[in-house]
Amino acid sequence: MHVNSENDDHRRANLIGGLWMIGSMAAFAFEDVFVKASSKALPISQILMIFGFGGAIVFACTALINKEPLFVRDVFSPPMRVRAVFEIGGRLFYVLAISLSPLSAATVILQATPLVVVAGAALIFGEKVGWRRWTAIFIGLIGVVVIIRPGADSFSFLSILAVIGMIGFAGRDLASRAAPKTLSTAILGLYGFISVVIAGGLFTFWERKPFVLPDTNIALVLVGSIIAGVTGYTCLMKAMRTGEVSAVTPFRYSRLLFGIACGVLLFGETLNVTMFIGSGLIVISGLFIVSRSKKIKIPNDPT
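Residues numbered from 1 in each chain as written. Predicted model: local features only at pLDDT ≥ 70, side-chain atom pairs only at ≥ 80, totals over all residues. Heavy atoms only, no water.

- An unreviewed UniProt entry lists the chain under the name DMT family transporter, from Hyphococcus lacteus.

Here it is in structure tokens:
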């Protein structure tokens, strides 16, 4: 009787964690929608800086409420410096991707991030990855190639932006795994969003567009992006702390459905056979890796 009660609690925790993860992925999908919509009226560098400042303020306030110091020596540790570099690259190129190319395609490519993280964990941290998971990683990356279709008449170099962004996020996640344990999720969130501000500042030198005073509608869209980003991050934290990670992680792929739906319904994007094939390969590979992992450590970072 006691065992059955524990099993019921276990399943309930996994279900609640899965719902938190679905909510997180939905919020991140809407964040992408708001960013893409605002890119029609504002320079991308300005969007990054406003979004980064907004998120940083929220997490700074959270840390202060929890009586955590905002500036500690561990923030400048080597893993955190590496994390900042990859965060800057990932955010910049992914925002460029969703601004200049179809949202649905960029969202699908982003789903390959866990595959790259597992491969990086094996190569960098020496984690044991058997031939089955290496095969799954290879198949998932083939799915990315199928989507971007290099050499085809329909190939666009804009697809590479999403690939670079995905690699940046994977590098950020790997660096987060090596970050000092003394740093809370609020502090990691604070400096993650500060990196977004830096990314926007650096891109101003390339973009060379004057900042624009947003009208009321665009200002509301920007506020929406900040709210969606912070909400997604908060739900992600709830998900990773409720139930088993191996049970909750597969729900990350719900972002693919949200991203594609938003792209089709809100931006009039169309899907093709290669998109379905590529996304199928990525999702199946990711789910297989999760099923083969007895214990998976997912970094507490927004995706």
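### Overview of the nonpolar core
Working step 1: Of all hydrophobic cores here, the largest spans 75 residues; its most connected members are M21, V108, I109, I187 and L190.
Working step 2: Those residues in contact with M21 that sit more than four places away from it in its chain are L236, A239, M240, V248, F251 and R252. (Core = buried A, V, L, I, M, F, W, Y, C linked by side-chain atoms within 4.5 Å. Buried < 20%, exposed > 50% of the residue type's maximum accessible area, 1.4 Å probe, protein only. Contact = heavy atoms within 4.5 Å.)

### Here's the deal with the side chain of Q46
Working step 1: Tracing the backbone shows Q46 in helix α2 (residues 44-65).
Working step 2: For Q46, a relative accessible area of 5% gives the class buried.
Working step 3: Here the side chain of Q46 touches V212 through a polar contact of 2.7 Å, landing on its backbone oxygen.
Working step 4: Setting aside residues up to four positions removed in sequence, Q46 forms contacts with F211, V212 and P214. (Helix = DSSP H or I, 4+ residues; strand = E, 2+ residues; numbered from the N terminus. Polar contact = N/O pair within 3.5 Å; in protein donor to acceptor, adjacent residues only side chain to side chain.)

### Observations regarding the packing of α2 against helix α3 (residues 78-100)
Helix packing for two helices is described by the angle between their axes and how far apart those axes are.
Working step 1: As a packed pair, α2 and α3 sit with axes 11 Å apart at the nearest point and diverge in direction by 125°. In terms of orientation, α2 and α3 fall into the oblique class. Considering the relative orientation of α2 and α3, their crossing is right-handed. On α3, the residues touching I44, L48 and F51 of α2 are R91, L92, V95, L96 and S99.
Working step 2: For the contact of α2 with α3, the residue count by class is six nonpolar, one polar and one charged. (Axes fitted to C-alpha atoms, helices over the stretch in contact; angles between N-to-C directions. Parallel < 35°, antiparallel > 145°, perpendicular 65-115°, else oblique. Left-handed = near helix turned anticlockwise from the far one by under 90°. Nonpolar A, V, L, I, M, F, W, Y, C, P; charged D, E, K, R; others polar.)

### Looking at the pattern of salt bridges
Working step 1: Within the structure shown, the criterion is met by five salt bridges.
Working step 2: R172 is the salt-bridge partner of E87, the closest N and O atoms lying 3.5 Å from each other. Within this pair, whereas E87 is found in helix α3, its partner R172 is found in helix α7 (residues 158-178), the two being separated by 85 residues in sequence. Both residues of the pair, E87 and R172, belong to the buried class.
Working step 3: Of the charged contacts in the structure, one is a salt bridge between D173 and R172, with a shortest N-O distance of 3.0 Å.
Working step 4: Classification of R172 by relative accessible area gives buried; the value is 0%.
Working step 5: What you see here is one network of salt bridges that share partners, running through E31, E87, R91, R172 and D173. (Salt bridge = Lys/Arg side-chain N within 4 Å of Asp/Glu carboxyl O.)

### Concerning the confidence of the model for the chain
Working step 1: Residues with a pLDDT of 70 or more make up 90% of the chain, whose mean pLDDT is 85.
Working step 2: Mean pLDDT in the chain bottoms out at helix α10 (residues 245-248), which sits at 68, and peaks at α2, which reaches 94.
Working step 3: When the criterion is pLDDT under 50, residues 295-301 qualifies, and its contacts beyond four places in sequence or with other chains add up to 23 contacts. (pLDDT = per-residue confidence, 0-100.)

### Some details on the UniProt feature "transmembrane region" (unreviewed entry) in the chain
Working step 1: UniProt marks residues 15-35, 47-65, 92-124, 131-148, 154-171, 183-206, 218-236 and 273-290 with the feature "transmembrane region" (unreviewed entry), using the numbering shown here.
Working step 2: Helix makes up 100% of residues 131-148 and strand 0%. Its end C-alpha atoms lie 26 Å apart.
Working step 3: In this annotation, residues 218-236 is assigned 100% helix and 0% strand; the end-to-end C-alpha distance for the span is 27 Å. (UniProt positions renumbered as here; feature names shortened; annotations may be inferred.)

### Regarding the environment of Y191
Working step 1: Positionally, Y191 belongs in helix α8 (residues 185-207).
Working step 2: Put simply, Y191 and M80 are 111 residues apart on the chain and 9.0 Å apart in space, counted from C-alpha to C-alpha.
Working step 3: Ignoring anything within four residues of it in the chain, the contact list for Y191 reads L70, F71, V75, M80 and R83.
Working step 4: A polar side-chain atom of Y191 sits 2.6 Å from the main-chain carbonyl oxygen of L70.

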